[in-house]
Amino acid sequence: MEEEQAVAEPANRRSKRARVTVRDEDFFPSDRLEVELEEEREESSDDFEEPRRKAKRNRAIEGASTSGAVARRNYLSLIDAIKGDAKAIPNVVKFWVEKYERSQNSAMAELLTLLFQACGADYYLQEKDIDKTDVDDVVVQLVNIAKAGEIEDYQNSKRDLKHFKDNLLSFIDNLVGECQDGPLFEKDEPLFDRCIDYIIALSCTPPRFYRQIATLMGLQFVSSFINVANKLGSLRETTQRQLNAEKKKNAEGPGIESLNKRLSMAHEKITSLEDMMRKIFTGLFVHRYRDIDPDIRMSCIHSLGDWILEYPSLFLRDLYLKYLGWTLNDKNAGVRKTSILALQSLYEVDDNVPSLNHFTERFSKRMVELADDIDISVAVCAIGLVKQLLRHRLVLDEDLGSLYDLLIDDPPDVRCAIGGLVHDHLIAQKFNDSRTRPTGTDSEPSDVYISRMLKILREFSADPILSSYVIDDIWDYMKAMKDWKCIISMILEDNPSAELDDMDATNLIRLFFASVRKAVGEKIVPATDNRSVHQTKAQKEMFENSKRDITTAMMKNYPLLLHKFISDKDKVGHLIEIMVHMNLELYSLKRQEQNFKATLKLIRSVFFKHGEKDVLRSCVKAIRFCAVNSLGELQDFALNQVKELEDELIRKLRSAIKDVQNGGDEYSLLVNLKRLYELQLSFSVPVENMYNDFANILKNYSSIDDEVSAFLLLNMYLHVSWCLHSAVSSDTVSEASLLSLSRKRDVLLEQLQYYLDDSRLHIDSASKNMLAYRVCGILADIWCLFRRSKFASTKLDVLGYSPDKSLIKKYWDVCEPLVTVLDDEEERSGEYVEDTNPDTIMLCLAKLVATDSVPKEHLAPEILSRFVEYGPSVSLIVKNLLTALKKKGDVSAILLESLKQAYQNHLVTSHEKGESLSKKSFKECRDLAVRLSGMYAGAARNKYRSEILSIVKEGIKYAFVDAPKQLSFLDVILQHFVTKLPASDMSDIINGVKGRTVNLNIAKDPGVWRPYHTFLETLREKEAAKDAKEVAAVRGRGRPRKIQNVQGKRLFDEQNSSGDEDSISGSEQDAPKHEDDEDDNPSIQSLRASSKSKSSKKDKRT
């Protein structure tokens, strides 16, 4: 039976106290001192004339923790103390040490029992068995307890034991610290030798929980020994200095003898501690650092990193460092990260670097490789480690080439970390000086840093998107990017010797624009998710301050910048768009109205000087921002500029139309149509008088360029949309306005329907026909805007429109080749590529079906019948459409019709085209059935059972039309849906199928009827599975059989021990081979031998 441990107040355990006589039957012998102390406290509680020494003791008692008092009253065992409040642990340790000084075997039995109980085993070691019990015999019994499932997992317990591990480690640390001046260094029988033996043995056992707890305890013992060794090391150094000083005074004497004795004792204690550290390292660490449990491996590596850092005199050697290098290849990301963080801490200490040279030569390549690790957190940590290597010049620049490619990698965390590395190494050049600059200091002017940044951007100048990624990565680290005055002065630099070349000027303006957007809180690279970012009050204030700073720097210089680059399309667009990130109120507050007006006039000039989409869009965005957000006189001026711009654009359009009518060039018309299109996206431009002119050009000049036709249609559509918006938002609408709008809509529909019949939209390479994309997109938008259900029973009923079936068929014939183009089939480029791709057309089709703008039974089956031919992005749109249709109601008719169409296409291909195309269409038909039937997986089988049954029954009816020509529909299509039905439906389906062959001769041509027989066989197998389940259920009824040899909780593999673990990946030449078998482990071997001998003895007795 385990002795209960009484917890008492701190006391001087060296003093001798008189014992009070107590009855043995009331208390354990080991508790008598605690009883005496308790009685002393009770007797002296009201005595105010106690001597001063005792008064001090009472004050100490009064200041003791509440948890310690509770522990004393309740006589907590060690395990209960660890489960409870951590504040009681120091007191528990003190009284255990006192108990050890009185009775070593009793205290050691209690400590070892704690070890077993902490592992979850309800096993008690008796005082009388301490000296004669073999470690392996005890461990075998503990393993058998685990096999029986009779252990408790404190670490993962659902009970309130979340601090169990921390309390256990705190107990060990306090225990070692309390024993450092006493029993820790006893020569006859060292205090912890027996405990360490048990810990090492338990760490090599199969039960995972045993290994986890034993490993944690063993590692903590080493950490605690290091704390004591460091204190002794400081004492040894102090003593050595005193001895040297004393020797200078006297060659001999009692002082020198005393110091020599103290120095020798400190050295002996340190040696003893190091021996115990080595014992735990060789017996526990070298096996558990490659344990199958990644948590155990992480604990080992984390502790090793701490040991090397805290006690380098022993552990800062290749003998120990190699384990950190080997685990850089571990298959678990957490272990790799732990190893990297440990190394990072080592390289941060400059004094460690000389001792790490050989290790660095051996593993630096792997450290650099980990910067591109598959796990993001590992990669980020590895980049930080590479920065440490660069700081000490332990890697060469040519070894880092692959890292710079990560500037444009997908994970933002990796890009950000690489951005910090690039800034420190290439821009701030912190690692090039003999002495590293403090973080956050800029000893050089901003233009120097910006010039270095431009050298980096030269590598990405061909792609503005990649440049944005690089700027985004480095922006947080580079203060010079927010030095607006410096950037503006560099852009306006007129000194020929210092003037930037064209590429650098372009990159600098891109950097300026991107930095402005970042400063006001915008994202300059695509976000990884679409969640809206919440801005705190402090962030909003920071962004507003940035706007003020940008505006202050730009107000006077804005006209100068636009004047300088007014003719450069690559630069002027970015400069103009900066306007939307400024605080226009400052123009009035700082009396800069003339600069505002001059800037706006220049933007208007740029609008008519260029015809590229990006420049035009930037101009319209800036003008609209000024018209909406400026105040007072400045707003009136901005609105007047909008009116003048519209008038001038209309004049230019009229002139261009006349030129085309007179046989002139179409370029002027195209450019001004683009300008009108971009302007109409933001403003309602009065082009009523030109609407018929646009229609006449489309009707009478069929030879004009497709791009001109597309922009004529787009501008007509936008004008109709603005007119409809005006009618819908007005309280009263005149009949004349409705008739005019209806007429404009009909004119536009007439032109669009004309193009549906145009052969130009039916060419083989439809993906290259931009006009086809535009016609399909505009037509879908018009049908949605004017759908009849939207205006039914309203005053705008006359505007309702619904296309007929033949028109929908023509529309699909044009759309079909556009949506079946795979994503990587053709490279697309151009200004409006985002509006002319398969995704856009499928979105139009999905919108028509989802909004009921067209009858879904006309268009949805066509869309679904080509499901397997779409690219990934188009397929995702179709999946979302299908989900939306399912929410509206039964889709079985649509699915069946799409399957029929796919099957008919397969039959046509089989008869008219070659065998290879026939096989391809057969596979596509089957894949479509698999994909559509997959909608009814899992719980959806029961929810949509009626839909599946409808598809199967109607599909059987279709398969027997003109039998046996279409019987393969059963095998190719329906069998995938039949498997989704419950077995109870099989009988009716079988009877239905057989009933359709009553008047048919199925034996005449067995080969043709093979799909019929295959389908029936599938149905019968499904039905037979149901019968088998019913038989099994009947046999299972009645009294249950008694279960023999019930297994407890399985904490380990029966066949594999902790030694039978997967080896860490990579670096096999450096790392030792993994423990392949339990027999390689001496502890396990002895456990087996002991277990066999016990079983043989038991057999002999029986």
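Residues numbered from 1 in each chain as written. Predicted model: local features only at pLDDT ≥ 70, side-chain atom pairs only at ≥ 80, totals over all residues. Heavy atoms only, no water.

Caption draft 1: Focus on the side chain of Gln 641. Looking at the secondary structure, you find Gln 641 in helix α30 (residues 632–661). Contacts of Gln 641, omitting those with residues within four sequence positions, involve Leu 600, Lys 601 and Arg 604. (Helix = DSSP H or I, 4+ residues; strand = E, 2+ residues; numbered from the N terminus. Contact = heavy atoms within 4.5 Å.)

Caption draft 2: Up close: the layout of surface pockets. Each pocket or cavity is described by its volume, and for the second largest pocket that value is around 920 Å³. Taken together, 33 residues make up the lining of the second largest pocket; nearest its centre are Asp 472, Asp 476, Lys 518, Glu 522 and Lys 523. Elements that contribute at least two residues to the lining of the second largest pocket include exactly α19 (412–427), α21 (464–474), α23 (502–519) and α24 (537–554). Ranked by the residues each element gives to the lining of the second largest pocket, the list is headed by α24, at five residues. (1 Å grid on protein atoms, 1.4 Å probe; cavity = no way out; pocket = protein on both sides within 12 Å on 5 of 7 lines; lining within 4 Å. Points joined across faces, edges and corners; volume = space filled by probe spheres on them.)

Caption draft 3: Seen up close, the pattern of salt bridges. In the structure shown here, the tally under the stated rule is 42 salt bridges. Notably, a salt bridge pairs Glu 274 with Arg 278, separated by 3.8 Å at the nearest N-O pair. Highlighted residues: Glu 274 and Arg 278, both in helix α11 (residues 254–288), separated by four residues, approximately one helical turn. Among the residues examined, Glu 274 registers a relative accessible area of 15% and is labelled buried. For Asp 472, the salt bridge identified is with Lys 518, shortest N-O distance 2.9 Å. Residue Asp 472 is found in helix α21, and its partner Lys 518 is found in helix α23; the two are separated by 46 residues along the sequence. Considered together, Asp 472 and Lys 518 belong to a single accessibility category, that of buried residues. Residues participating in the shared-partner salt-bridge network are Arg 415, Asp 472, Asp 473 and Lys 518. (Salt bridge = Lys/Arg side-chain N within 4 Å of Asp/Glu carboxyl O. Buried < 20%, exposed > 50% of the residue type's maximum accessible area, 1.4 Å probe, protein only.)

Caption draft 4: How the structure looks around the packing of helix α6 (residues 104–118) against helix α9 (residues 193–202). It is at 10 Å that the axes of α6 and α9 come closest, and there the two elements cross at 20 degrees. In terms of orientation, α6 lies roughly parallel with respect to α9. The handedness of the crossing between α6 and α9 comes out as right-handed. From α6, Met 108, Leu 111, Leu 112, Leu 115 and Phe 116 reach across to α9, where they touch Arg 194, Cys 195, Tyr 198, Ile 199 and Leu 202. Here the contact of α6 with α9 is built from residues that sort into nine nonpolar, no polar and one charged. (Axes fitted to C-alpha atoms, helices over the stretch in contact; angles between N-to-C directions. Parallel < 35°, antiparallel > 145°, perpendicular 65-115°, else oblique. Left-handed = near helix turned anticlockwise from the far one by under 90°. Nonpolar A, V, L, I, M, F, W, Y, C, P; charged D, E, K, R; others polar.)

Caption draft 5: Summary view of the packing of aromatic side chains. Scanning all chains against the criterion turns up 32 aromatic pairs. An angle of 80 degrees between the planes, with centres 5.7 Å apart, marks the rings of Tyr 677 and Phe 711 as edge-to-face. Taken as a pair, Tyr 677 in helix α31 (residues 667–680) and Phe 711 in helix α33 (residues 706–729) lie far apart in primary sequence, 34 residues in all. Phe 711 carries the same exposure label as Tyr 677, and that label is buried. Pairing Trp 1009 with Tyr 1012 gives two aromatic rings, centres 5.7 Å apart and planes at 90 degrees, and the pair type is edge-to-face. Given the relative accessible area of 3%, Tyr 1012 is considered buried. Of the aromatic side chains, those joined through ring pairs into one cluster are Phe 281, Phe 285, Tyr 289, Trp 307, Phe 315, Tyr 320, Tyr 323 and Trp 326. Here Lys 744 stacks its cationic end above the ring of Tyr 691, 5.9 Å away from the centre of that ring. Directly above the ring of Tyr 944 sits Lys 886, whose terminal nitrogen or CZ lies 4.7 Å from the centroid. (Phe/Tyr/Trp six-rings, centres within 6.5 Å; stacked < 30°, edge-to-face > 60°. Lys NZ or Arg CZ within 6 Å of the ring centre and 35° of its normal.)

All we've got here are geometric facts, nothing functional implied.
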